[in-house]
Every structure is written in structure tokens, then in C-alpha cells.
Amino acid sequence: MKHVIAMDLGGTKILAAVVNEKGKIVKQIKAHTQLEGGWPVLKNQIVEICRELMNSGKKITAIGFGSAGPLHAKSGVLLDPTNFGWKKKKINFVKDLSKVLKLPIVFDNDAVAAVLGERWLKHSPANTICITLGTGLGLGVLIDDHVLRGRGGLHSEGGHLILRPQDHDAHCECGAPGCAEGFLSGVNFVKWVSKRTGRKFKDAKELSELAKGGDIEVSRYFAEYAELMAQYLCSLVVLYYPTEIVFSGSFAQAADLFLPQTKKIMAESLARQQASHKIIPKIRVSRLNNTNGLMGAAYMAFQYKTYHS
Ligand SMILES: [Zn+2]
């Protein structure tokens, strides 16, 4: 059986593994993303992790990376990643790593990897959108089995669509006040609620627990989150008409605090169109236990000869 190395590279965490053709993890490594020191330090960390995985006793045919963006997948270039906090604007990710690792490398956005992972292992339909909620908000759009991209193959950064222009309480590293990621990523939601309430919260997990425990103030912000998420998803639905929307990432675990309300608002907003052409998609949380990005990266690696053709 063939084996590849897959890596999900996020703004906070790295998940890497040796994966076989059936999507089974043979060996896995989790690490905190080393961003201080810039690309040279992160590059060394990635190389070390890959080398450790290469010693798993399995013959590795290729390496697949699903990475936080912005990026250009085909040319293997990382472009000033929103949540990395680096000064260098352009990183030759694939070129630099290929020199050291000497294996074919396939590289794409982490939310694209997530949608491919769902398609591969959970038989998601050919029209599926994946939304990753963690440090950032990633968007991967698969339409008629094609990954949608922007001009010249740039990954479309749909996490930065503007929801409330000039809402300066919602901070996103992209620099645009009021963008979707500024409200809806787990990390930014905590910052937004802290700013609005003047209270200090440790992380999104604490916020979820407070809401579940009946904290009225925090629950009100989850209700607002549900509205903003509905607004965001309605825009995606009328743009792309997906049959399924899948949430993953650490903050997707809080979906029961917003998704029922989000679905209710969407049903009301899209009622007229729904009556004529059934546009409301199935919306669910990934059942791949936050490994859909990793699995998609493995899928990409298995397709390395044709992935960018
Ligand atoms: Zn943004």
C-alpha cells in the first residue's frame, strides 16, 4: 500500500501524519506552530517533523501541505499569511522545502484541503463548501468537483468578505474592519466579545462553557454570532449553491451554540428562493474529528502527478 506525508499547517497548530491510501493514519505528530523567528525557523520545524515521519518504516511517495493563506497553490508560494505575523511578504514555500526534503510536494490552502478530505473520506457531494473555524476563518469551495480559485489560480480568501464595514471592534489581521474572520473565527470572536463586554476571556472554549452554563451576556453574543454566520452563509449560498456546508476547526465544536439559530435565520432569508429551487444546503459539522485538512493534504499528495494539471 502507498503512503504519503500530510501536514495541516495552521496559525496555531501543526498536525502532520503518515497516511495510507485508505486514509488511515500510520504515525502522527502534533506541534505548536513556531512563528517567532519567521520562515527560517518554521521551515526547520517542518523539515524536522517530515524527517521524523519519514522514519516510520513506510516508503513515502509525496508530501501534501494544507496551509493557512493567502497563497498561490500551483506556484507553491505563501503570500504574507494573515495570522503568521511576519514581515516577509512572499515565501517560496514549496521550492525551499523541496530542496531539503527531496520528495514531490503538493501545496494548497488548508480549507481547500478540508473540502477535499471530506469529499475523499466522507463522500461529501461534488458541490461542498468547507469552513474552517480556528485562528482564522478558512473557506474551501468545491463546485462540480472543481476547486474554485481567483485570478491566475490565487486561492480566494472568502474569509475576508466584509460583513459590517467599519466595525472596529471586530479585528482581523487582514486589516479590513468588519470582515467575516474578524467576527467569526474562534480567536477573533473572543477578542470581539472581550472588547464589547470589557470582560477578559481566556479562549473560545471558556466562552462556550460560559454560554452553556447560562451566562446571559455571553449567550447574547452567541446569538449575534449566529446572525452574522447566517448572513455569511446566505451570501455563499446565493453565490455558489452548494449542496453541503461542512464546519471544521476547533471552534466548530461550539456549533450547537449557534448553528440551530443560524439555520433558522437562513430558512427565513432564503424562503422565496427555496420554494422555487431548493437552495438551502445541508449544514453539518465534520465527522473527521478535525483531521479533514490533514486528510485532504494526504489526498493531494496521492494525486501529486495530476493535482495542478
Ligand atoms: Zn479579514
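Check the entry above for the structure.
Remember, it's a predicted structure, so these values are computed and weren't measured experimentally.

**Q** Sorry, what's going on with unusual backbone geometry here?
**A** Backbone phi values are negative for most residues with the exception of glycine, while trans is the configuration of most peptide bonds. The step from G69 to P70 runs through a cis peptide bond, and the omega angle for that step is 0°. The topology assignment puts P70 in the loop between β4 (60-67) and β5 (71-72). Despite not being glycine, D144 shows a phi value in the positive range, around 50°. Considering the arrangement of structural elements, one finds D144 in the loop between β10 (137-143) and β11 (146-147). The class for D144 is exposed, based on a relative accessible area of 53%. Here D145, not a glycine, exhibits a phi torsion of approximately 65°, which is positive.

**Q** What's the story with helix α2 (residues 93-101) in this structure? I'm lost.
**A** Residue pairs spaced three or four apart in an α-helix point in one direction, given the helix's 3.6 residues per turn. All of the buried residues along α2 are F93, V94, D96, L97 and L101. All buried residues of α2 fall inside an arc of 165° around its axis, so they share one side. Counted as exposed and oriented over 90 degrees from the buried face of α2: K95 and K99. Those residues of α2 that are buried are in contact with β1 (3-9), α1 (38-54), β4, β6 (77-79), β7 (90-91) and β8 (105-109). After α2 finishes, the residue K102 shows a positive phi value of roughly 55°.

**Q** Is there a simple way to explain the nonpolar core in this structure?
**A** In globular proteins that are soluble, nonpolar side chains generally tend to be buried together. By size, the foremost hydrophobic cluster in this structure holds 46 residues, and its most contacted members are I131, L184, Y232, L233, F247 and F258. Broken down by secondary-structure element, the contributors of at least two residues to this core are β9 (128-133), β10, α4 (180-184), α5 (186-197), α6 (204-212), α7 (216-240), β12 (244-248) and α8 (259-269). For this core, the element with the most residues is α7, which contributes 13 residues. Other than its neighbours up to four places away in sequence, L233 contacts I131, I245, F247, T262, M266 and I283.

**Q** What am I meant to see in the coordination of the zinc ion here?
**A** In an ideal tetrahedron of four donors about a metal, each angle is 109.5 degrees. In an ideal octahedron of six donors, the angles are 90 or 180 degrees. Summarising the metal site, the zinc ion is bound by the protein donors H160 (ND1), C172 (SG), C174 (SG) and C179 (SG), whose distances to it range over 2.0 to 2.4 Å. Within one chain, the residues donating to the zinc ion are spaced in sequence as H-x11-C-x1-C-x4-C. With respect to burial, C172 and C179 carry one shared label: buried.

**Q** What should I look at first to understand the sheet that holds β7 in this one?
**A** The strands making up a sheet associate through hydrogen bonds between their backbones, and the pairing can be parallel or antiparallel. In spatial order, the strands read β5-β6-β7; together these three strands make up an open sheet with antiparallel pairing. Of all the strands in the sheet, the pair left with one neighbour each is β5 and β7. Where β5 and β6 come together, two bridges link them in antiparallel fashion. Paired with L71 across the two strands is L78, which belongs to β6.

**Q** How should the packing of α7 against α8 be read in this particular structure?
**A** Relative orientation and spacing of two packed helices are given, respectively, by the angle between their axes and the distance between those axes. Running from N to C, α7 and α8 cross one another at 50°; their axes reach a closest spacing of 8 Å. Taken together, α7 and α8 sit at an angle that is classed as oblique. Where α7 crosses over α8, the two elements pack in a sense that is right-handed. Contacts from A226, E227, M229, A230, L233, C234 and V237 in α7 reach Q261, T262, I265, M266 and S269 in α8. Residue classes in the contact of α7 with α8 are distributed as eight nonpolar, three polar and one charged.

About the thresholds
Counting starts from 1 at the beginning of each chain's written sequence and moves along it residue by residue. Local features in a predicted model are, by the rule used here, given only for residues with pLDDT of at least 70; side-chain atom pairs are given and counted only at 80 or more, and totals for whole chains, interfaces and linings are based on all residues. As a convention, hydrogens and water are excluded, and side-chain values are obtained from all of the structure's heavy atoms. For the purposes of this entry, the term helix denotes a DSSP run of H or I that reaches at least four residues, the term strand denotes a run of E that reaches at least two, and both are numbered from the N terminus. Here's how the labels work: a residue is buried when its accessible area is under 20% of the maximum for its type, exposed when over 50%, partly exposed in between, all with a 1.4 Å probe on protein chains only. Along the arc lie the directions from the helix axis toward the C-beta atoms. Pairs of residues are marked as contacts when any of their non-hydrogen atoms sit within 4.5 Å. Definition of nonpolar core: a set of buried residues of the types Ala, Val, Leu, Ile, Met, Phe, Trp, Tyr and Cys, connected through side-chain atoms within 4.5 Å. Sites may look incomplete because water is not among the atoms; the donors themselves are N, O and S atoms within 2.8 Å of the metal, or within 3.2 Å for Na, K and Ca. For two strands to be treated as a pair, DSSP must find at least two bridges joining them. For helices, the fitted line uses only the C-alpha atoms of the stretch in contact; every axis is such a line through C-alpha atoms, and the angle between N-to-C directions lies from 0 to 180 degrees. Angles are sorted into four bins: roughly parallel if under 35 degrees, roughly antiparallel if over 145, roughly perpendicular if 65 to 115, and oblique for all others. In a left-handed crossing the near helix is turned counterclockwise from the far helix by less than a right angle, and in a right-handed crossing that turn is clockwise. Ten residue types, Ala, Val, Leu, Ile, Met, Phe, Trp, Tyr, Cys and Pro, are classed as nonpolar, four, Asp, Glu, Lys and Arg, as charged, and the remainder, Gly among them, as polar.

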